[in-house]
Every structure is written in C-alpha cells, then in structure tokens.
Amino acid sequence: MKIFIETYGCQMNVSDSGKIVYLFARQGYQLTDVSRDADLIVINTCSVREKPELKIFSALGRYIPLKRQRPELVIAVGGCVAQQWGERLLKRCPGLDIVFGTHQLDRLPELVDKVRISRRAVSLTGFKESPGGLEVMAAPAQGAISAMVTIMQGCNNFCSYCIVPYVRGREYSRPSAAIIEEVTILARAGIKEVMFLGQNVNSYGLQEKDEISFVELLTLVHEIPGIERIRFTTSHPKDMSETLIAAFAELPKLSPYLHLPLQAGSDDVLSRMGRGYTAAAYLEKVEKLRRAVPGIALTTDIIVGFPGETEADFAKTLEMLERVRYDQIYSFKYSIRPGTRAAKFEDLVSDEEKRERLARCQGRQDEISQEILEAQVGAVSEVLVTGPSKRGAGEFSGRTGENRIVNFPAPAAIKVGEICRVRIVAALKHSLKGEVLA
Ligand code: SAH
Ligand code: SF4
Ligand code: F3S
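The model shown is predicted, which means the values in this text are computed figures rather than measured ones.

**Quick word on the site of ligand 2**
In the neighbourhood of ligand 2, the contacting residues comprise Cys155, Asn157, Phe158, Cys159, Tyr161, Cys162, Val164, Pro165, His236 and Arg275. Residues belonging to the shell around ligand 2 are distributed by class as follows: seven nonpolar, two polar and one charged.

Listed below in structure tokens is the structure:
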C-alpha cells in the first residue's frame with residue numbers, strides 16, 4: 001500500500017504530516033510522491049488565509065478523478081480547513097472519503113479501515129481535552145539532524161483577524177515528561193537541533209496545574225546530551241517574559257534567533273487586532289533581547305491592509321522594519337476569515353492598496369535582509385552542517401545560530417551534523433558563502 005500526502009500551512013502541519021506518514025508506515029504503507037500510485041491520499045490543510053484554503057478545492061479537483069482508475073483509492077482531508085468545514089466538506093466534495101479534525105490525527109488509520117469496509121464517507125472533527133496526535137512520536141528521517149517537536153497546541157489569544165483558535169482549539173500543553181522523553185530519543189537517534197512548536201510557546205504549561213514553565217522546560221532540555229541547538233516558534237510578544245529573555249543569555253544552546261510576530265507598527269491597528277502590546281512595548285522587548293544577546297537575529301510576521309489601516313498607520317509598520325532590522329519577514333495581505341471578530345470590521349482596505357503596501361514592505365525588507373547578510377562578511381560563525389549544498393559543486397551547506405544559510409567548500413573531514421567554525425567570505429542573495437577554519 002502507498003500513501004501520498006500534500007501539506008499546506010505552518011510547521012505544525014508539516015510536523016503533523018510526518019506523524020501521519022509514520023502512523024501508516026507502522027501498518028506497512030510506503031510514502032510515494034506520485035499521487036496516481038497512491039492507495040491513500042491525505043491533504044493536510046491550512047485556513048489561515050483565504051488563498052491556502054482555496055487550494056484544497058483545486059487539490060481535490062485533481063485527486064478525486066483518480067478514483068475512476070483506482071476505485072479502492074481513499075482520500076482524506078485533515079488539518080485546519082477540515083476542522084472548520086467538518087461534514088459540510090463531504091457534501092461540497094463528492095468522492096472525498098474522510099474529513100478529520102486537528103484533534104483527531106491519531107484516529108486516521110482507524111477511519112481509513114472503516115471507509116475501506118463500509119465505503120461510506122466519514123467526518124470526525126470534535127475537539128478533545130488533549131488533542132489526539134500530540135503523543136504520536138514520528139521517528140526522525142534517516143540522516144536528519146533537526147527535528148520539530150510540538151510542545152503545545154491551540155491558542156487562547158483570539159487576535160481579531162485570526163482563525164487559529166477556532167480551528168486548533170484552546171491551548172493545551174503536552175506533559176513535560178513526554179517532551180523530555182521524546183527529545184532524549186531524538187538525541188539518541190542523532191538529532192542535534194530541536195525546534196519546539198506551538199501556536200504560542202511562551203504560554204507553555206500555564207493552563208495546566210503543576211506543569212513547569214516554558215523556561216524551565218528549555219532548561220531541562222538544555223541538559224540532554226547530544227542536543228546542540230534549541231529553537232522554538234511561535235512566541236507572542238506580549239508573553240515574552242524577562243525570564244525568557246534572560247534564558248537566551250544563560251542557555252548557550254538556545255540559538256540566537258527569534259521569530260517575534262509584530263503584525264503591525266501602528267498602535268491603533270495593534271489594538272484593533274487585539275494583540276495586547278504597543279509598538280513601544282514591542283521595541284522595548286527587542287532592546288532587552290539585544291542587550292541579553294547582542295547579534296540575536298529576529299524575524300517577524302506582518303499583515304498589511306488590516307481594516308481601517310491608513311497610509312499613516314502603514315508608515316509605522318515600515319518604520320518598525322527600520323528600527324528592528326529583521327533578518328527576514330513573512331508578510332501577508334489581510335484576508336477576511338469568516339467567524340473572526342475582524343470579519344465584521346468596516347473600512348476595508350482595497351485589494352489594490354493592500355497589494356501596493358505589501359510590495360513596498362517586501363521591497364524595503366529585501367534591502368535590509370541583504371544589508372544584514374553583507375554585514376556578516378569577515379565574521380566567524382559556528383555553523384551546523386546540514387548536508388550537501390543545493391548549489392552542488394561539492395559544497396556543503398549549514399546554518400549559523402542566527403539561522404542564516406552558509407555554503408562552503410568542505411574539507412574531507414567534515415560530517416553532516418557537526419558544528420564547525422566558518423569564516424564568512426561573501427554575501428549572496430538569501431545566503432552566505434564561507435570557508436571552514438581549521
Ligand atoms: N501563533 C502565531 C502564528 C499564527 S498564523 C502568532 O501568534 O503569530 C501565522 C501568521 O499568519 C500570523 O502571524 C499572521 O501574520 C498571519 N495571519 C493570520 N491571520 C491572518 C489573516 N486573517 N490575514 C492575513 N494574515 C493572517
Ligand atoms: Fe492567531 Fe493571535 Fe493565536 Fe497567533 S496568537 S495563533 S495570531 S490568535
Ligand atoms: Fe494554517 Fe492551521 Fe497552521 S490555519 S497556519 S495550518 S495552525
């Protein structure tokens with residue numbers, strides 16, 4: 001039997017897809033990248049904006065007709081669109097067999113068996129107290145040196161534009177003992193770098209009685225032999241505590257890199273977004289972080305054209321790019337999400353205006369990103385070797401602690417998974433070129 005899986009959305013979805021493949025591999029399935037050959041097609045979806053949501057309908061339009069040649073083919077849709085649509089998705093897409101929600105990932109093998117026997121479509125999208133699937137520990141890919149570990153799921157923040165709390169449910173943190181166990185197993189399997197995932201990792205453990213805090217969790221994981229680097233995403237600026245900032249200075253394995261979503265630079269817009277901080281408060285945290293870890297690299301998320309965003313508001317977002325100087329930004333046009341508070345807001349910004357603001361935002365950021373890369377030339381960085389370079393030519397590729405990509409000609413002695421000292425000799429577009437120091 002063969003499984004084909006298509007993944008949209010954030011890293012949590014990428015990690016979830018790994019778990020799904022693992023669950024079916026245990027039953028003897030092989031992963032294929034040819035949908036025509038598959039006995040099971042899974043689409044893991046994202047509904048954070050309208051565009052990724054619409055993609056699933058075109059994906060289904062491609063896959064459902066495959067059933068004409070392979071009547072035994074089973075097609076399942078999971079993730080955030082599945083959660084949002086539930087059974088209605090089965091009605092809208094005849095030929096679709098399974099809709100499984102964000103808390104039901106672990107039940108998918110059982111649902112596939114059920115459909116194979118009954119040939120009747122099923123939908124399972126209830127929320128559970130603890131999301132099923134969080135304790136599924138997929139084995140790392142052969143030779144992998146980085147692994148994602150979901151430590152919490154769900155969100156209680158309800159930013160006015162955002163669908164995530166509705167589709168991932170309330171915040172739930174995994175027991176710390178299970179996380180430590182998983183990271184220990186990963187380290188034994190050769191993993192050097194863990195990336196903790198959650199919609200809001202800073203509030204890890206806060207909803208659970210007797211659970212340790214996020215910083216305590218980081219401190220424990222820091223002790224696990226073999227783990228060289230720890231990263232996490234996503235952090236909410238309002239929950240970026242003094243102790244977490246201090247942890248960056250105290251825990252050397254905590255990489256000097258942080259994704260800290262800003263969303264907008266105008267306090268009016270931030271307030272209507274329900275973000276719980278002002279631009280000044282955000283900048284203060286950035287300053288503290290940079291005092292604790294000089295050289296820490298920051299990345300962010302930006303939304304342009306939120307309802308009511310004026311040209312003056314938008315100028316404040318641009319101003320934040322100048323003041324923070326992010327390594328990279330992920331910027332999006334505001335997209336109305338049905339059922340969220342902002343869906344009722346008036347004073348919409350035209351699509352043309354949004355497009356124009358997005359282009360200005362990205363244009364300026366491209367320059368800043370390039371300036372930051374160029375400023376690295378001459379520096380010596382600790383680079384975690386990740387594999388042969390995509391550029392070929394016998395080069396290797398790795399990442400600095402700041403998460404910058406470095407390609408370098410590799411001396412024969414270098415192995416994937418090693419950390420080596422590299423002098424940066426040139427800045428290319430989106431990456432650095434270096435040479436290994438003895
Ligand atoms: N929990 C994270 C990420 C949530 S979704 C956080 O708090 O930042 C990832 C990003 O998608 C968000 O940071 C935001 O920039 C963007 N996003 C979410 N809803 C959106 C919408 N309705 N329109 C446009 N972008 C959106
Ligand atoms: Fe969405 Fe806000 Fe929660 Fe992030 S913190 S997932 S943007 S509601
Ligand atoms: Fe998308 Fe769901 Fe992640 S909406 S961004 S896949 S949590």
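**Comments concerning the packing of aromatic side chains**
Per the counting criterion, the structure on display carries ten aromatic pairs. Residues Phe158 and Tyr166 carry aromatic rings whose centres are separated by 5.3 Å and whose planes lie at 80° to one another, so their mutual orientation is edge-to-face. Of the residues examined, Tyr166 reaches a relative accessible area of 37% and is grouped as partly exposed. A centroid spacing of 6.3 Å and a plane angle of 85° characterise the contact between Tyr161 and Phe306, whose relative ring orientation is edge-to-face. With Tyr161 in the loop between strand S8 (152–153) and helix H6 (164–168) and Phe306 in the loop between strand S13 (297–304) and helix H12 (311–324), this pair connects stretches of sequence that are 145 residues apart.

**With respect to the pattern of salt bridges**
Inspection of the entire model under this criterion finds 28 salt bridges. Across the pair Glu309 and Arg357 runs a salt bridge, and its minimum N-O distance is 3.0 Å. With Glu309 in the loop between S13 and H12 and Arg357 in helix H13 (residues 351–374), this residue pair connects regions lying 48 residues apart in the sequence. We classify Glu309 as buried; its relative accessible area is 5%. Here Arg357 falls in the buried class, since its relative accessible area comes to 4%. A network of salt bridges, in which partner residues are shared, links Glu309, Glu311, Glu353, Glu356, Arg357 and Arg360.

**So, the pairing of strand S10 (residues 193–197)**
Most of S10 is tucked away, with five of its five residues classed as buried. Residues of S10 alternate between two faces, with Glu193, Met195 and Leu197 on one and Val194 and Phe196 on the opposite face, all of them buried. In this structure, S10 lies alongside strand S11 (residues 229–233), joined through five bridges in parallel fashion. If you follow Phe196 over to S11, its bridge partner there is Phe232. A crossover links S10 with its parallel partner S11, the connecting element being helix H8 (residues 214–222), and its sense is right-handed.

**Details of the site of ligand 1**
Around ligand 1, 15 residues are found, and the nearest of them are Tyr161, Gln199, Gln263, Asp301 and Ser335. Within the contact set of ligand 1, a nitrogen atom lies 3.0 Å away from a backbone nitrogen or oxygen of Tyr161. At 2.7 Å, a backbone N or O of Gln199 approaches a nitrogen atom of ligand 1. Contact with the protein chains hides 89% of the accessible area of ligand 1, taken as 540 Å² for the molecule alone. Elements supplying a minimum of two residues to the shell around ligand 1: S13 and strand S14 (328–333). Residues that form the shell around ligand 1 fall into these classes: six nonpolar, four polar and five charged. Summarising the domain contributions, the shell around ligand 1 has at least three residues from each of domain 2 (140–255) and domain 3 (291–375).

**Observations regarding the sheet that holds S11**
Picture the strands of a sheet paired through backbone hydrogen bonds; they go either parallel or antiparallel. The sheet built from three strands is open, its strands ordered S7-S10-S11 with parallel pairing. Of all strands in the sheet, those bounded by a partner on one side alone are strand S7 (146–150) and S11. Strand-to-strand twist of the sheet, defined as the mean angle between neighbouring strand axes without regard to direction, takes the value 20°. Of the strands in this sheet, S7 and S10 are in contact with helix H7 (residues 176–188), which crosses S7 at around 165°.

**A closer look at the sheet that holds strand S1 (residues 2–7)**
The strand order S2-S1-S3-S4-S5-S6 describes an open sheet built from six strands, whose pairing is parallel. Here the strands that pair on one side only, and so sit at the sheet edges, are strand S2 (30–31) and strand S6 (122–124). Here helix H2 (residues 50–63) sits on the sheet and contacts S1, strand S3 (40–45) and strand S4 (74–78); the angle it forms with S3, its principal contact strand, is near 170°. Sitting on the sheet, helix H5 (residues 108–118) is in contact with S3, S4, strand S5 (98–100) and S6, with an inclination near 160° to S5.

**Considerations on the domain arrangement of the protein**
With domains assigned, the protein is organised as domain 1 (2–124), domain 2 (140–255), domain 3 (291–375) and domain 4 (380–436). The gap between the C-alpha centroids of domain 2 and domain 4 is 26 Å. Taken residue by residue, the interface counts eight residues in domain 2 and twelve residues in domain 4. A buried area of about 730 Å², summed over both sides, lies between domain 2 and domain 4, and 55% of it is on carbon and sulfur atoms. For the pair domain 2 and domain 4, the interface holds one salt bridge. A salt bridge links Arg399 to Glu193; its shortest N-O distance comes to 3.1 Å. Applying the counting criterion to the domain 2 and domain 4 interface returns seven residue pairs in polar contact (both at pLDDT 80 or more). Broken down by class, the residue content of the side of domain 2 that touches domain 4 amounts to one nonpolar, two polar and five charged.

Analysis parameters
- Residues numbered from 1 in each chain as written.
- Chains lettered and ligands numbered in written order.
- Predicted model: local features only at pLDDT ≥ 70, side-chain atom pairs only at ≥ 80, totals over all residues.
- Heavy atoms only, no water.
- Near = heavy atom within 4 Å.
- Nonpolar A, V, L, I, M, F, W, Y, C, P; charged D, E, K, R; others polar.
- Phe/Tyr/Trp six-rings, centres within 6.5 Å; stacked < 30°, edge-to-face > 60°.
- Buried < 20%, exposed > 50% of the residue type's maximum accessible area, 1.4 Å probe, protein only.
- Helix = DSSP H or I, 4+ residues; strand = E, 2+ residues; numbered from the N terminus.
- Salt bridge = Lys/Arg side-chain N within 4 Å of Asp/Glu carboxyl O.
- Pairing = 2+ DSSP bridges.
- Right-handed = clockwise from strand over helix to strand, strands pointing away.
- Polar contact = N/O pair within 3.5 Å; in protein donor to acceptor, adjacent residues only side chain to side chain.
- Areas by Shrake-Rupley, 256 points an atom, 1.4 Å probe, with all protein chains shown as cover.
- Domains from an automatic or database assignment.
- Axes fitted to C-alpha atoms, helices over the stretch in contact; angles between N-to-C directions.
- Contact = heavy atoms within 4.5 Å.
- Buried area = accessible area lost by both parts, 1.4 Å probe.

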